[in-house]
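If you want the building blocks of each chain, they are given just below.
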Amino acid sequence: MEIPQIEDLDEVVDALRVKNNAPWVTQPIQGIEGTDPMIYSIEEVTATEGGDAMIFKQELRIIGNGSFYYPLEHKAPAGKYVVSIRVTNEGYSRVIKDIYTFVVK
């Protein structure tokens, strides 16, 4: 997913997003099998191309169905961020490495 800086958004196309301060949202993660409830958590973020993994990880959220939320107004600098997650359910836990890539412009 590409995430532009707020000052780079199109004032017409992105007017509703800015008005509502709507975050960037991914589709739910697919292809993970297991018994519900499954709990998703962010395990690790790596950054390249000028990014700051610590800042990006602090701002990134993942919800119950495996969708990522990233705030419209963020502090992470431009860069490429690769995210690994942990999926847990009763008696089982597994890290899925490099499941999603974000590019902050």
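Here, every reference points to the structure presented above.
Residues numbered from 1 in each chain as written. Predicted model: local features only at pLDDT ≥ 70, side-chain atom pairs only at ≥ 80, totals over all residues. Heavy atoms only, no water.

### What to know about the nonpolar core
Phe56, Leu60, Phe68, Val83, Ile85 and Phe102 are the most contacted members of the largest nonpolar core, which has 21 residues in total. At the level of elements, β3 (39–48), β5 (68–70), β6 (79–89) and β7 (92–104) are the ones that each hand at least two residues to this core. Looking at this core, the element that brings in the most residues is β6, giving 4 residues. Each residue touching Val83, except ones within four places of it in the same chain, is listed here: Ile42, Glu44, Val45, Phe56, Leu60, Phe68, Asp98, Ile99, Tyr100 and Phe102. (Core = buried A, V, L, I, M, F, W, Y, C linked by side-chain atoms within 4.5 Å. Buried < 20%, exposed > 50% of the residue type's maximum accessible area, 1.4 Å probe, protein only. Helix = DSSP H or I, 4+ residues; strand = E, 2+ residues; numbered from the N terminus. Contact = heavy atoms within 4.5 Å.)

### What about a nonpolar patch on the surface?
Side chains of Val25, Ile63 and Tyr69 sit close together on the surface and give an oily, nonpolar patch of about 220 Å² of accessible area. Of note, Tyr69 is situated in strand β5. (Patch = residues over 30% accessible without salt bridge, like charges linked within 9 Å, V, L, I, M, F, W, Y side chains within 5 Å. Areas by Shrake-Rupley, 256 points an atom, 1.4 Å probe, with all protein chains shown as cover. Salt bridge = Lys/Arg side-chain N within 4 Å of Asp/Glu carboxyl O.)

### Some details on the sheet that holds β7
With mixed pairing, 4 strands are arranged side by side in an open sheet as β1-β7-β6-β3. Lying at the two open borders of the sheet, with one neighbouring strand each, are β1 (2–3) and β3. The pairing of β3 with β6 spans 9 bridges and is classified as antiparallel. Residue Ile39 lies in a different strand from β6, and its bridge partner there is Thr88. (Pairing = 2+ DSSP bridges.)

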